[in-house]
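# Structural overview for review
Single-letter residue listing:
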Amino acid sequence: MDNFKDRVILITGSAHGFGAAIAKEAAQRGMKLALADIDEPALKDIYDEVTTLGADAEMIPTDVTEETAVDNAVATTMKRFGQIDVLVNSAGVAVPGSIWELPTRDWEWILHADVMSQVYALQQVIPIMMKQPDGGDIINVASMAGLITSPLMPAYYASKFASVGMTEAVEYDLQAAKANVRMHVFCPAFVQTDLYHSEQHRPAKYTNTSDPYYTSKVFKDGQKFAENDIKTGMSINTIPALIFTALEKNEFYILSHPAVNPLIVARAQGIVNGQGPDLNLITKYLDKTHGEKPAAK
Ligand SMILES: NC(=O)c1ccc[n+]([C@@H]2O[C@H](COP(=O)([O-])OP(=O)(O)OC[C@H]3O[C@@H](n4cnc5c(N)ncnc54)[C@H](O)[C@@H]3O)[C@@H](O)[C@H]2O)c1
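Throughout what follows, the structure given in this document is the object of discussion. Keep in mind the model is a prediction, meaning the values are calculated, not measured.

About the criteria used
- Residues numbered from 1 in each chain as written.
- Predicted model: local features only at pLDDT ≥ 70, side-chain atom pairs only at ≥ 80, totals over all residues.
- Heavy atoms only, no water.
- Helix = DSSP H or I, 4+ residues; strand = E, 2+ residues; numbered from the N terminus.
- Expected span 1.5 Å × (residues − 1).
- Buried < 20%, exposed > 50% of the residue type's maximum accessible area, 1.4 Å probe, protein only.
- Arc of directions from axis to C-beta.
- Contact = heavy atoms within 4.5 Å.
- Core = buried A, V, L, I, M, F, W, Y, C linked by side-chain atoms within 4.5 Å.
- Near = heavy atom within 4 Å.
- Polar contact = N/O pair within 3.5 Å; in protein donor to acceptor, adjacent residues only side chain to side chain.
- Areas by Shrake-Rupley, 256 points an atom, 1.4 Å probe, with all protein chains shown as cover.
- Nonpolar A, V, L, I, M, F, W, Y, C, P; charged D, E, K, R; others polar.

## What to know about helix 3 (residues 67-81)
Every α-helix carries 3.6 residues per turn, so stepping three or four residues along brings you back to the same face. Its 15 residues place the ends of helix 3 21 Å apart at the C-alpha level, agreeing with the 21 Å of an ideal helix rising 1.5 Å per residue. Buried within helix 3 are the following residues: Ala-69, Val-70, Ala-73, Val-74, Thr-77 and Phe-81. Down the axis of helix 3, the buried set is contained in an arc of 140 degrees. They therefore lie on one face. Exposed and oriented more than 90 degrees from the buried face of helix 3 are Thr-68 and Lys-79. If you follow the buried residues of helix 3, they end up packed against strand 1 (8-12), strand 2 (32-37), strand 3 (57-61) and helix 4 (104-131). Looking one or two residues beyond helix 3, the residue adopting positive phi is Gly-82, at roughly 80 degrees.

As structure tokens, this is what we get:
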């Protein structure tokens, strides 16, 4: 896609971080916006910001862990604008914790917020895009954590590997169906967003304050670790241009942290050599990505 004016973009997770940044860029490019998020006050702030920029926008409070809520976001977008040209699945949370400590409820939360949310949206939006003369573009926001692994966040890695694998598999099926729908998967390493605030977006059904895990040192250390990684990550300023350039060039993988790329190659080589994860190697590479500038296009 190279002409964004008057096209309709539906963005989940649009109240903060990548979703909000993409929404503002889309507004500046003359797109019509459907903004979905669980954080209603912050969603209203972004809605006010994009409408002040002159954008035609709809605000859709949505908990993406609920299939009916995602269905409603898609239906509301269609009722208001009659088409969906770009879908960005950016809603997500990050939950640190080893597999022997993180409660099952947290696994359910992250898998629903980061993966099932994308499934629900794809199930609704792909048939709509298949019928549109110009088809459409779909960006699943996954992570570098869907291409390589590191310690402390197995639930997050499980969700991001699922997102990348699903996006690749859907792309095959769209090619086989000769559908004019273009899939993209965004795989950044650390970027300065509000991701370390995930606890503030935990739906009540995934909350159990009586579980001792949430007052434990390991939980609090995990939160501090996640906050430090996000706050020392790349500036978000260059990400919207990166995303829109990828749409213009129809790039499937959208990568933002070139210093991590050798690790993707090393992982693939390790797989064929039968070698497993190396803690020292990953620690060295991830340290290098903090504050890194994106690749020049
Ligand atoms: N920031 C990073 O370093 C980084 C790196 C790789 C991948 N990601 C991924 O990017 C995506 C966006 O995260 P971000 O970094 O912009 O964080 P963010 O917290 O700034 O934005 C996430 C948005 O999702 C919304 N959200 C959370 N749970 C929701 C729910 N149940 N229903 C609807 N909305 C919900 C939040 O309210 C928030 O607006 C996530 O999937 C995250 O895993 C982030």
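## A look at the nonpolar core
Core analysis: the biggest nonpolar cluster contains 40 residues, and Leu-87, Leu-122 and Ile-138 have the highest contact counts within it. For this core, the secondary structure elements donating two or more residues are strand 1, strand 2, helix 3, helix 4, helix 5 (154-176), strand 6 (181-187) and helix 9 (279-289). The element contributing the most residues to this core is helix 4, with 8 residues. When neighbours within four sequence positions are excluded, Leu-122 is seen to be in contact with Leu-87, Asn-89, Pro-127, Ile-138, Asn-140, Met-166, Val-170 and Met-183.

## Things to note about the site of the ligand
Neighbouring residues of the ligand: 31 residues in total, closest Asp-37, Tyr-156, Lys-160, Val-191 and Thr-193. One of the backbone nitrogen or oxygen atoms of Gly-17 is found 3.2 Å away from an oxygen atom of the ligand. Contacts to the ligand include Val-191, whose backbone N or O atom sits 2.7 Å from an oxygen atom. Notes on the ligand: free accessible area 830 Å², of which the protein chains cover 99%. Of all elements in the fold, only helix 1 (17-28) and helix 5 reach the threshold of two or more residues within the shell around the ligand. Partitioned by chemical class, the residues of the shell around the ligand number 15 nonpolar, 10 polar and 6 charged.

## A few points about the environment of Asp-56
The topology assignment puts Asp-56 in the loop between helix 2 (40-52) and strand 3. Among the residues examined, Asp-56 registers a relative accessible area of 32% and is labelled partly exposed. Between the C-alpha atoms of Asp-56 and Ala-145, which are 89 residues apart in sequence, the distance is 34 Å. Those residues within four positions of Asp-56 in sequence are excluded, and the remaining contacts are Met-31, Lys-32, Leu-33, Arg-80 and Phe-81. One polar contact links Asp-56 to Arg-80, side chain to side chain, over a distance of 2.3 Å.

Everything listed is a geometric property; what it means functionally is a separate question.
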